[in-house]
Amino acid sequence: MTDPLMPAFCCKQPSKWTKFYDMMVEIDSDPYNYICMLSSLCGIGGAIYQILPQISLALSDNGSWASQRGRKTIVWLAVADFFASLGIFARSLIRLMVPAMVQRIKGTVTYCYLLSFWVQYFYVVSWMWTLIYAIDIRLALREQPSYRKTYHFCAWILPAIFTFIGLFILYYPNANCFCSAENSFWKFFPNYIVSYLPMLLVMIVNPVLYISATSSVHLIVSQYLSQYTNKERLIVDMIKIKFGLINLTFYACWLPNLVNTVLLYSNWDNLPRRVIVSLWYIMAIMNPLQALFNCLVYQKPHDQILSRWNAYRVQEFHEANERTPLLARRSGSSNNSEEPEFVL
């Protein structure tokens, strides 16, 4: 799992044992780490399954430039998911298999800093690519170009800056995060802000973009064929299902993290221990599984939608032209006679 509280395992042990630190020790147990390893392995498998077919499709000559545009974004999202899950797996494996090494290097905890940065960074990257995918769909439906350089800057550079700032404030100057309850509150707070702001942005903006995109697809399909029958309705319904599953997957994987954050900061001095621990186990399962769920909601519906659309769009187009010669002449005389593409 990933949470801005996870880097606290790299902090120095407090001189005075607190309830908060005691709860963290309970969470960082063997069963918890085994669950993290299992779910991260599922995530790694899902990311690999998503990356390999998409790379072959993106590099092949099959399909239009528009469809390749969407596939490339999906590949980068899967790459971020892969490395995030790999970081969780490595962190849990080290804690389970080499505890002696962990104790021996606990004075420097360099490995812990690096793994904390690794996991947090790549999950923020995955959230940014999730947002970019929705933005690019909206731009494509408006026949606007893709801003690849801006996408990569926002997806790779900004998360690095955010993650560095959050962890620097937490660890500076001597990784003493638990010197007092009040100090701990303000030590962790900036890391929560820079980490979860992109997540909140996805949860708020993506549904709006997908609703707008669905309305645009409805107009494109009906205007292109000058009709709206069961076939056209099927296309729109499948796209609605795809967009709905993308949003549902993201909420299912990350809503527990937001609930956990609200409980922590609203009850910092009197934490509901059992609820917090239960949420952390749920997060340990759901966070890495994002990669597995993404390989289902991004790839398979995409193939079905395009195959159904490509199977009958030419036939329906010619039938529409035969029924409406005026429409045929306009289409033939237009400078842009290309058929619409769904960048999904």
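Residues numbered from 1 in each chain as written. Predicted model: local features only at pLDDT ≥ 70, side-chain atom pairs only at ≥ 80, totals over all residues. Heavy atoms only, no water.

### Concerning the overall build of the protein chain
Secondary structure assignment for the protein chain yields 11 helices and zero strands. Secondary structure elements of the protein chain occur, N-terminal to C-terminal, as α-α-α-α-α-α-α-α-α-α-α. Within the protein chain, buried positions represent 51% of all 344 residues. Just so you have it, the protein chain exposes about 16,400 Å², and 66% of that area is on carbon and sulfur atoms. (Helix = DSSP H or I, 4+ residues; strand = E, 2+ residues; numbered from the N terminus. Buried < 20%, exposed > 50% of the residue type's maximum accessible area, 1.4 Å probe, protein only. Areas by Shrake-Rupley, 256 points an atom, 1.4 Å probe, with all protein chains shown as cover.)

### Details of the confidence of the model for the protein chain
Mean pLDDT over the protein chain works out to 78, with 73% of the residues at or above the 70 mark. Low pLDDT, under 50, characterises residues 300–312; the predicted model gives this stretch 26 contacts beyond four residues in sequence or across chains. Under a pLDDT of 50 for its full length, residues 320–340 has, in the predicted model, 15 contacts with residues more than four places off or in other chains. (pLDDT = per-residue confidence, 0-100. Contact = heavy atoms within 4.5 Å.)

### Let's talk about the nonpolar core
Counting residues in each nonpolar core, the largest one holds 78 residues, and the members touching the most others are Trp127, Phe188 and Trp280. Among the elements that take part in this core, helix H5 (residues 110–141) stands out by supplying 19 residues, more than any other. Residues Ala47, Val75, Ala78 and Phe82 belong to the second largest nonpolar core, which totals 11 residues. (Core = buried A, V, L, I, M, F, W, Y, C linked by side-chain atoms within 4.5 Å.)

### With respect to helix H9 (residues 273–286)
Helix length check: H9, at 14 residues, gives a terminal C-alpha distance of 20 Å against a target of 20 Å (1.5 Å per residue), a fit within 8%. Where H9 is concerned, the buried positions are Ile276, Val277, Leu279, Trp280, Met283, Ala284 and Met286. (Expected span 1.5 Å × (residues − 1).)

### Topic: H5
In an α-helix, one turn spans 3.6 residues, which is why side chains three or four residues apart end up on the same side. The terminal C-alpha atoms of H5 lie 47 Å apart, and with 32 residues this matches the ideal 46 Å at 1.5 Å per residue to within 8%. In terms of burial, H5 is a largely internal element, 26 of the 32 residues being buried. Two residues or fewer after H5 comes Glu143, characterised by a positive phi angle close to 60°.

### Concerning the environment of Gly70
Within the secondary structure layout, Gly70 lies in helix H3 (residues 65–97). Sequence separation between Gly70 and Ala140 is 70 residues; the distance between their C-alpha atoms is 9.3 Å.

### Quick look at the environment of Thr150
Its place among the elements puts Thr150 in helix H6 (residues 148–171). The exposure class of Thr150 is partly exposed, given its relative accessible area of 44%. When the C-alpha positions of Thr150 and Ile132 are compared, they lie 9.9 Å apart, and in sequence the two are 18 residues distant.

### Quick look at the packing of helix H8 (residues 230–266) against H9
Where H8 meets H9, the axes come as close as 9 Å, and the angle between the chain directions of the two elements is 155°. One way to sum up the angle between H8 and H9 is to call them roughly antiparallel. Judged by the sense of rotation from one axis to the other, the crossing of H8 with H9 is left-handed. When H8 is examined against H9, the residues Ala252, Cys253, Pro256, Asn257, Val259, Asn260, Leu263 and Leu264 are found in contact with a partner set consisting of Val275, Ile276, Leu279, Trp280, Ile282, Met283 and Met286. (Axes fitted to C-alpha atoms, helices over the stretch in contact; angles between N-to-C directions. Parallel < 35°, antiparallel > 145°, perpendicular 65-115°, else oblique. Left-handed = near helix turned anticlockwise from the far one by under 90°.)

### Here we look at the environment of Ser215
Within the fold, Ser215 resides in helix H7 (residues 181–225). Along the sequence, Ser215 and Val236 sit 21 residues apart, while their C-alpha atoms lie 8.8 Å from each other.

### Quick notes on the packing of H5 against H6
To describe two helices that pack against each other, one gives the angle between their axes and the distance between the axes. Two elements in contact, H5 and H6, have axes whose closest approach is 9 Å; the angle formed by their N-to-C orientations is 145°. As for the relative orientation of H5 and H6, their crossing is right-handed in sense. Partitioned by chemical class, the residues of the contact of H5 with H6 number 20 nonpolar, four polar and two charged. (Nonpolar A, V, L, I, M, F, W, Y, C, P; charged D, E, K, R; others polar.)

### Considerations on unusual backbone geometry
Of note in this structure, Glu143 is not a glycine but carries a positive phi near 60°. The topology assignment puts Glu143 in the loop between H5 and H6.

### Comments concerning the packing of aromatic side chains
Using the criterion set out here, one finds 21 aromatic pairs in the structure. When the centroid spacing of 6.3 Å and the interplanar angle of 70° are considered together, the rings of Trp129 and Trp156 count as edge-to-face. On the criterion of sequence distance, the pair formed by Trp129 in helix H5 and Trp156 in helix H6 is long-range, its members being 27 residues apart. Across this residue pair, the class does not change: Trp129 and Trp156 are buried. Taken together, the ring pairs in this structure connect Tyr123, Trp127, Phe189, Tyr192, Tyr196, Trp254 and Tyr265 into an aromatic cluster. (Phe/Tyr/Trp six-rings, centres within 6.5 Å; stacked < 30°, edge-to-face > 60°.)

### Quick word on the side chain of Gln290
Within the element layout of this structure, Gln290 appears in helix H10 (residues 290–323). A residue is classified by how much of its surface remains accessible, and Gln290, at 2% relative accessible area, is buried. Side-chain polar atoms of Gln290 contact the side chain of Trp254, separated by 2.7 Å. Leave out the neighbours within four places in its chain, and Gln290 touches Asp81, Tyr123, Ser126, Trp127, Phe250, Cys253 and Trp254. (Polar contact = N/O pair within 3.5 Å; in protein donor to acceptor, adjacent residues only side chain to side chain.)

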